[in-house]
Structure formats: structure tokens, C-alpha cells
Amino acid sequence: MINETVLTNSGVYARIEPRVGLFCFSPTTCLLFAVAESESRSTLQWLQGGHATQVSEVTQARLGKGWSKSKTQVQIEGRQLLPSAESWGNLPILRQPLAINWLITGRCPLACRYCYAEDLMRSRVQEPERVDVQRIADAILRYSPLYVVLTGGDPLFSPFLQTAIESLSGRTGIIVDTSAYTLTKRHVESFRDHGVGVRISVDSARPKVNDSQRIVYSELPLGARRGGALERALRGIDLCLDADVSLTIQTVATKKNANDLVDLGDRLFRMGVKSWRVFKVAPSQLRMSEYLLLVGGKTDKGGTYSSRKKDGPYKFVFKNLVESHRLHWKSSMALQLTMSESPNSVVLVSADGRFFTESNMGQGKVLIDPRSPRRPSMSSLATMVDMSGHASRYLNLEYGS
Amino acid sequence: MTTPHTPEDRFGAAVASRLPRTTLLRESYRSLLATGRTYAAFTKQERAYVERLVDRGVILDPMSGYGGLMMESAKIGIDSYNLEMNPPQHLWQVLTNRRIAERMPGAIGKLMSIRKRNVAGKRTVCSDTFFPDECYDLLCDLLSAIEDVLSSEAGLKREAKKFAAALLLPFSGRLCCCTPGDNSAHVKEGGICVLKDWRTDFHAYLEVLLQFLHRVSTESQSSRHENYNGDARIFEFPKKRFRSMLTSPPYPNHRDFEAIFRPENELLRKLSQDGNTISFVDPSAVIGTNIVSRLSPSTPTVPSAIKFMDKISTLKRTKQATYDDAVYYFPYLREYFAALESAYSNVSKAAASDFLGYIVVVNNTHRGVVVPVAEAIVDIWKKLGFSSRIEHAEESFHLGTKNPRAKGIRARHTEYVVEVRR
């Protein structure tokens, strides 16, 4: 049985999972929260317009109706578990995915060195038609995720982005992941009208470092080139902040930018960014040599990466980021950290509508249900996808761990 | 959280809250404004030596850094003569000299009310250079506004541009595309400059500066402090004028003071190229610079330095270490010792017949061998005909080290005070 995600009167998407709790996604912040079961019914009633008497102040402050407080008053700190991390004895046990990543197109203006989706991009995947997009949206909604991430490639390069947004709008939260290389005011206005959150990638405040990780695709037509990735991303950030569209900045931490991240955080904070998500670079089967260069350390004689060293650049930096967040940024910027060792904690839908996850054996993308690649069964989802890693990834459980 | 006990600590805590890291001012200046000191500045222990030099007239500091000696000697009513080669450090001294500090409150009050333009529609600028056009134009506007105010309100018509630069420099990092260096006081070129709300930060900076200068004015008992920008190796000191000296040279720990203030130096260079009448000595060959390609080949002549260079050149090393030594470490250390010899030889000409000086220094290590800075200084002064000895030695750890996680011999640093008498 699938638990339905509902759009509450407050604008927050909510899904009750019996004997687990309430999962909520606020399009205003694009953050996901898990509310402990003891408070889940009353919180849902409150989100639907009921009284807040039985909802803790922390829950009200974090989740809000959209935001019950003004954005500048909100402090998001730590794991996204309500009313507190202590009220959850165990990790939330999920029965269905919280979020699904839909790689709506394989086209992209950039060829990032760490791109995990290269094996589902460019000529490796068939671009969909309009009718396919509607069909795929329906297939995704069967699993009732709290939100769908429209990604790619760069979703702005899909001619059917608007179709996808309209198909999903009001039925689940929507986030668009983009480099913002071709983001325009028109895009941003459409996102605002449909309550779509935007996530823009910035890896370093230094153009030469950012642009060496996020390289303009060599086959991008000269006419479509509009400068470096950082310059375009900053322009996109301006557009989103001006239009008051919910904005998250995403950063992939590598050996090359690790030491600059705290400073980047200070600058994002001062720019008015409300949410920052930092990932550890994920290994990509197709780009293992570049992954090794980015993560640092050495391989042994057999070519296997030394596991002893691979967290080296991260632990120190993530610790500094958490400390900086507590001391300086929490007054108005949320920090999410994803250092997940669990590659198969994501549900990915390719441009042609097949459901994949990342292999935890280093084999690249694997079909979740080979017998029914476009409509995998719930049991194969539960088998193939690491649901505890999934919860950890989306509920920011690695913050401060 | 600990409660601040002393007035200085309380002032520092207040500044830290008014000027937090997120104001995006450079760390060196936030630290100077909060505590009056930053990396390698005057420490409390050294204050005791100032008191030993009372009744000896003006104290000389030929490598005066941030002007720590000036601050401390002013507190007990002794005048000082300060020479510094690195223009940003020299300008900090100029700004905090009591004579100037006393004139600032009215001008700063006026500056708080000026309205300057913002770069239309832009929240940020990113660049691989320190000062892209948007930032530089904004800083030039600010400089000229400060200059006008200083001329009219503070009566600093003469050299108004220099004083304006001194007031602007601590804030210039806020309108600069730079990134803090890796685990070091150095700074990387390139970054994002957040133009949004820069005025708020400028106001906060002026408020804190006002409090700082007020403190300087009220604590100072003397007001005759001379500040010069120049290279101690060639500067023309007044002959045989000084009966006392308290100084500390840069240490050979690969921290380059020019690099620590690279954005500020770059701004001063640009301003000077654009026809502004500000001129300073070129800081690129500051003692201890780690860009060895700039240095002319030179060799130390004192026994302790020669012995040290011989010892490290006979160490067993890997191929990489041998290469690193040949292209960087040996030229760096050779030049360091030679530069000290040259500087102290020049400084000695300013020593009066009953001269007494103290030189504070820290010995670091190179490949497990102690770099004998203190011993070399003793040898240099002896060679110059002075009586010289190590007056005090104290073991310290992690002081001035490039890597705070260093252990064993690499973490060992001994602080020395060398006494020099004529």
C-alpha cells in the first residue's frame, strides 16, 4: 500500500507513514523534515489549517506554514528531525522514497569533472517526446514522493520542462537542479508561479577553481557560450533572489575546493542565500580517473582507491562547515551535508523513463526492476535502494555526525 | 563560552560581535581592530622589555610591523621611531598613531553620513583578480570621499591621500575578490565580492575603528611617534641618534608579509599607477619573502649561519627534498640570513654610544635542524662591534608554525630575547 503525499492548505506537502511519522516538504525552503509519530497527526491538522496547540514550537518554527516566521528569523540547525533528533530513537524507516530524481534530459552546457550522471546523458539516452514526459510524470507520482528533482543534464535544455512541471505541480514538491548557465527571467517567473524550488551549483568562489571543475562542454555551440560557469551561476542566483524563488546552492566538495568552502559559505550567507547543500564527490564509473584526481589520495598497485585516505579532505572540512554554521550562518542559512557512502540511496529516472539506482558495487547505474524498468515494484525499490541511506541523505542526518 | 576578564578582552569580544567574520573584512584587520594585534605582532611578554628602556629617550624599531612597540611605549610615555617596509603595516601604524587618531572622530562621524553609489543591480562580482573594475571604481570613490572629509574635518590636508588610504585599507578587503589561504595567513587571488550591503559593513568598520582609536588616544601617554615606510637594509637612519631599540625581525617560517597583505598591496600599486600621489617602497623583497626568484644571490657570512647551511646541505634527503632545497629552501634561508646582516649593519649606524637594544626572535626548524636565528643575530652584532648575548630563552610550541598539527621537533620553537649593547 502506498501512502499518499498531499498538498496541505499551508502549501507544505505532507505524507504520513503509519508507525513511523510525518514527512513534510516545504516548497518555500525546499527542505524536508520528518516529524515524530507522537506529533504527526496534530502537525498535519495544523498544516491543514487547524490549531497549533499540540504542535511544538520547534516544529512550528522549522516547518511553518511555508514559514510561520519571516525567513530572516528562521534558524535551521542540524538534522531535519522534529521536534528534535532525540525524539527519534532510530533512523526513520522508510517504506517508499522521499524524493525521486528525474533526469529529464541528457543535454547539458557543462561537462563537470565529477558528473555522476554521465552514463545517463548525452547520446547514451534517448530524449523523450512530450507524451513520454507526461507518462513518466505519472509513473513517478505512483510512488508518491514528497518532491521530485528535475535534473539532467541541465533541465533548462529540455523543451518539455514546462510540461513536466505542469504534470507534477500540486501533486508533489518540485525542485529544478541547474547550472543556471541558461537561466532566464522567464524561467524564474514560471518557477515562482508553480512553487518550484531552484538548486544552483557553485563549487568555489574562485572562478578558476569553479570553472575547472564545472567545464563548459566542448561541443556546446560557440553561439551558446556565455562565459564561465561561476559567472552564469551568480547571475542565476541574482535572478532567483530578486524573484524570491526558493533557492538552494549545491556544492561538490573535492580536494581542489575543500579549503575554500568556509569562505564560500560566508559569501553565500551575505548574498542572502537561505540554503546550502554540500556533497562529497561521488565516484562515477565512467570517470574514475577524474574522480581520483578530485578526491585526492592514491591508488594502490592494483588501481584500487585507498579507503583509508579517501575521507581525508572531507572530515576536517565538514567539521569546519558545521562549526561555522553554528557560529555564523544558522541565523538565516540552512546547511545540509551529504557525505553518504551509500551510492544506492537514490532513485533516478532516466530521460526515457527507466528507474535506476547507483550500483553499490561500482557498476554505474543499475535498473531497479529489470522486469519492469519503467514501473518498478515497491518490493524491488525496497530491495535495490538503501532506504536508510536515503533517509540519511534527505533528512541531513550526517550534519555533525 | 568564557567570560572576558580584562578590559582588552571585553573590547575584543565587543568588536568580534560587531565585526564578525561574515562582514567579510579580512581576518588580519578584524584581529587588529579587536585586539590590536594579529599574526606575529607584539606579545604581552615583550612589554616588559619596553619598561627596561625607560629613560633612554626615543626607542627605535627598524622592523616595526603593526606598530606594537609604538602602542606599548606610548602607554608608558616613551616616544618611538618606527620603520616598516610593508606599506599596509606601515599605514596601520600611521592610522593608529595617537597624533592622527586624535583627529579622526569628527572625520569618521562625517564619513558615516556619506552616501556612495552601489553597482547597479549587482549583488556580486566574481573575478580571478583582486580588484575587478566594479570593485576598484567603488574603492576609488570611497578613497576620494575619505580624502575630502579628512581634508575638511581633520585638518589633514597635507598627505590627505596617504591618510585616506590608511583609513580605507582595512576595509578594502571587503570589496575585494579574494579567498583566505590554506592553513596560513596568506590570501588567494580571486573570489566572489559581495556588493550587497557593503555600506552596512563600512559603517560597522567605522564604528569599531572609532572605538579603537578612542582607546589608543586615551591610553597613550606620549604622542611623538614617527612612522616611516622603508627598507631597514638601505634606509637612512639619523646617525648615532638612538640609545635604545626593541625589535623583532620576520622569522624564516615561510610566511611572507607581502603575501599576507597582497590585496592591500595590489590596491596601493593600482592607485599609484593611476596617478594618485601615494608612493611607497616596493614590498616584494621584504625580508622573509618566499618568492625566491625575486632575490639576488647572497651568502651569509656569520659563523652560526654558515655552519647551519653546511649542516643542512649534508643531510640525507630524498630526491624530491634535494630538489626542493636547491630551488627554494637554500636560496630562501641564505637570503634570509644575508638580509638580516645587511639590515642590522645599516641599523647599527643609528646606535648611540650607550646603545641598548633587545631583539625578540623565534627559532624554527628545517628538516629537523634548528634554524639558528638568535645565534646568527648575536654573531652579526658581535661582528659589528657590539656586545651581544642571548638574554632569555623560552620553549614554546606551535608558535608561528605553518602547520599547527606539527609534532615533535617540527613543533618546537624557542623564543629568544637577544640583548645588544655598545
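Calculation criteria
- Chains are numbered independently. Their residues run from 1 in the order of the written sequence.
- Whichever chain is written first is A, and whichever ligand is written first is 1; the rest continue in order.
- A pLDDT threshold of at least 70 governs which residues receive local features in this predicted model, and a stricter bar of 80 or more applies before side-chain atom pairs are shown or counted, although totals over entire chains, interfaces and linings include all residues.
- Helix and strand definitions here come from DSSP, where helices need a minimum of 4 consecutive H or I residues and strands a minimum of 2 consecutive E residues; each element is numbered from the N-terminal end.
- Counting other C-beta atoms within 10 Å of a residue's C-beta gives its exposure: the residue is buried at 20 or more, exposed at 12 or fewer, and partly exposed in between, where C-beta atoms are placed from the backbone.
- Here contacts are defined at the residue level, using C-beta atoms placed from the backbone and a cut-off of 7 Å between them.
- Note that the radius of gyration is over C-alpha atoms, with the globule rule given as 2.2 Å times the number of residues to the power 0.38.
- Here, strands pair whenever DSSP counts at least two bridges between them.
- This arc corresponds to the set of directions leading from the helix axis out to the C-beta atoms.
- Angles shown run from 0 to 180 degrees and are taken between the N-to-C directions of axes, each axis being a line fitted to C-alpha atoms and, for helices, limited to the stretch in contact.
- A helix's residues, less one, multiplied by 1.5 Å, set its expected span.
- Per-residue confidence from the predictor is reported as pLDDT, which spans 0 to 100.
- The labels follow the angle: roughly parallel below 35 degrees, roughly antiparallel above 145, roughly perpendicular from 65 to 115, and oblique for the rest.
- Left-handed describes a crossing whose near helix is turned anticlockwise from the far helix by less than a right angle; the clockwise case is right-handed.
- Residue classes follow a fixed rule: Ala, Val, Leu, Ile, Met, Phe, Trp, Tyr, Cys and Pro count as nonpolar, while Asp, Glu, Lys and Arg count as charged, and any other residue, Gly among them, counts as polar.

Broken down by element type, chain B carries 15 helices and 13 strands. Seen along its three principal axes, the alpha-carbon backbone of chain B occupies a region of about 60 × 55 × 50 Å. In chain B, buried positions account for 47% of the 422 residues. Here the analysis covers contacts within chain B between residues at least 6 apart in sequence; of these, 77% occur between residues at least 24 apart.

Turning to the overall build of chain A, a few remarks are in order. Helix and strand counts for chain A stand at 12 helices and 17 strands. Taken over C-alpha atoms, the radius of gyration comes to 20 Å for chain A, in line with the 21 Å a tight globule of 401 residues would show. Reported as C-alpha extents along the three principal axes, the dimensions of chain A are approximately 60 × 50 × 45 Å. Relative to its full complement of 401 residues, chain A shows a buried share of 54%. Once local pairs closer than 6 in sequence are excluded, the contacts in chain A between residues at least 24 apart make up 69%.

Bringing the sheet that holds strand E10 (residues 197-201) of chain A into the picture now. All names here are of chain A. Judged by pairing direction, the sheet is mixed, and its 10 strands sit side by side in the order E14-E13-E12-E10-E9-E8-E6-E15-E16-E17 without closing on themselves. Two strands lie at the open edges of the sheet, namely strand E14 (334-338) and strand E17 (365-367), each paired on one side alone. Here 4 bridges tie E10 to strand E12 (residues 247-253), and the two strands are oriented parallel to one another. What sits directly across from Val 198, in E12, is Leu 247.

In this assembly, 19 residues from chain B lie in contact with 19 residues from chain A. Of all elements in the fold, only strand E3 (124-127), strand E4 (178-180) and strand E6 (191-194) of chain B reach the threshold of two or more residues within the side of chain B that touches chain A.

Of all the positions in helix H9 (residues 288-295) of chain A, only A:Tyr291, A:Leu294 and A:Val295 are classed as buried. The buried residues of H9(A) all sit within an arc of 90° when viewed along its axis, so they share a single face.

Residues and elements named next belong to chain A. Here strand E16 (residues 355-358) shows two buried faces, one formed by Phe 355 and Thr 357 and the other by Phe 356 and Glu 358. Across 2 bridges, the pairing between strand E15 (residues 348-349) and E16 is antiparallel. Following the sheet pairing, Leu 348 is matched in E16 by Phe 356. Hairpin geometry of E15 and E16 is characterised by an intervening segment of 5 residues between the two adjacent antiparallel strands and by a positive phi of about 95° at Gly 353.

For the rest of this paragraph, the subject is the pairing of strand E4 (residues 31-36) of chain A. Residues and elements named next belong to chain A. In terms of residue burial, E4 counts as a mostly covered element, since 6 of its 6 residues are buried. Burial along E4 is two-sided: Leu 31, Phe 33 and Val 35 and Leu 32, Ala 34 and Ala 36, pointing in opposite directions, are all buried. Across 2 bridges, the pairing between E4 and strand E5 (residues 81-82) is parallel. Bridge pairing links Val 35 to Leu 82 in E5.

Once that is clear, we can look at the sheet that holds strand E1 (residues 6-7) of chain A. The pairing of strands in a sheet comes from backbone hydrogen bonds and takes either a parallel or an antiparallel form. Residues and elements named next belong to chain A. Within the open sheet, the 5 strands sit side by side as E1-E2-E3-E4-E5. Their pairing is mixed. Each of the sheet's edge strands pairs with one partner strand only, and the pair in question is E1 and E5. Where E1 lies against strand E2 (residues 13-17), 2 bridges are found, and the strand directions are antiparallel. Residue Val 6 lies in a different strand from E2, and its bridge partner there is Ala 14. Contacting E2, strand E3 (21-26) and E4, helix H1 (residues 37-47) runs over the sheet at an angle of about 125° to E4.

Residues and elements named next belong to chain B. By the secondary structure assignment, Ser 304 is in helix H13 (residues 303-313). Owing to 18 C-beta atoms within 10 Å, Ser 304 belongs among the partly exposed residues under this scheme. Remark: the alpha-carbon pair of Ser 304 and Ile 192, spanning 112 residues in sequence, is separated by 47 Å. The contacts of Ser 304, once residues within four sequence positions are left out, are Pro 372, Glu 375, Ala 376 and Asp 379.

The periodicity of an α-helix, 3.6 residues per turn, causes residues three or four places apart in sequence to face the same way. Residue and element names in this part refer to chain A. The first and last C-alpha atoms of helix H3 (residues 130-141) sit 17 Å apart over 12 residues, in line with the 16 Å expected at 1.5 Å per residue. Among the residues of H3, those classed as buried are Val 133, Ile 136, Ala 137 and Ile 140. Taken down its axis, H3 places every buried residue within 105° of arc, on the same side. Looking at the buried side of H3, the elements it contacts are strand E6 (99-103), strand E8 (147-151), helix H4 (161-168) and E15.

Residues of chain A with pLDDT of at least 70 account for 93%, and the chain-wide mean is 88. When pLDDT is averaged over each helix and strand of chain A, the minimum, 77, is found for H9(A) and the maximum, 97, for E8(A).

Time to look at the packing of H13(B) against helix H15 (residues 373-383) of chain B. Residue and element names in this part refer to chain B. At a minimum axis separation of 7 Å, H13 and H15 run at an interaxial angle of 140°. In terms of orientation, H13 and H15 fall into the oblique class. For the pair formed by H13 and H15, the contact residues are Pro 303, Ser 304 and Ala 305 on the first element and Glu 375, Ala 376 and Asp 379 on the second.

For the rest of this paragraph, the subject is the packing of H3(A) against H4(A). If you want to describe how two helices pack, look at the angle between their axes and the distance between the axes. All names here are of chain A. Relative orientation of the contacting elements H3 and H4 amounts to 30°, with a least axis distance of 9 Å. As the angle between them shows, H3 and H4 are arranged roughly parallel. The interaxial crossing formed by H3 with H4 has right-handed handedness. Side by side, H3 and H4 meet where Arg 130, Val 133, Gln 134 and Ala 137 of the first sit next to Thr 163, Ala 164, Ser 167 and Leu 168 of the second. Along the lines of polarity and charge, the residues of the contact of H3 with H4 split into 4 nonpolar, 3 polar and 1 charged.

This part covers the confidence of the model for chain B. Residues and elements named next belong to chain B. Per-residue confidence for chain B averages 86 on the pLDDT scale, and 90% of its residues sit at or above 70. Mean pLDDT values for the elements of chain B range from 75 in helix H1 (residues 7-18) up to 96 in E6. Reported confidences for the modelled complex are a pTM of 0.91 and an ipTM of 0.90.

Cis geometry is adopted by the peptide bond preceding A:Pro83, which originates at A:Leu82 and carries an omega value of -5°. By secondary structure assignment, the location of A:Pro83 is in the loop between E5 and E6. Following A:Gly152, the chain continues to A:Gly153 via a peptide bond in cis, the omega torsion being 25°. Checked against the element boundaries, A:Gly153 lands in the loop between E8 and H4. Even without being glycine, B:Asp55 reaches a positive phi, approximately 75°. By the element assignment, B:Asp55 lies in the loop between helix H3 (44-52) and strand E1 (59-61). Residue B:Lys240 is not a glycine yet carries a positive backbone phi of 50°. Looking at where B:Lys240 falls in the secondary structure, it is placed in the loop between strand E7 (225-229) and strand E8 (242-247).

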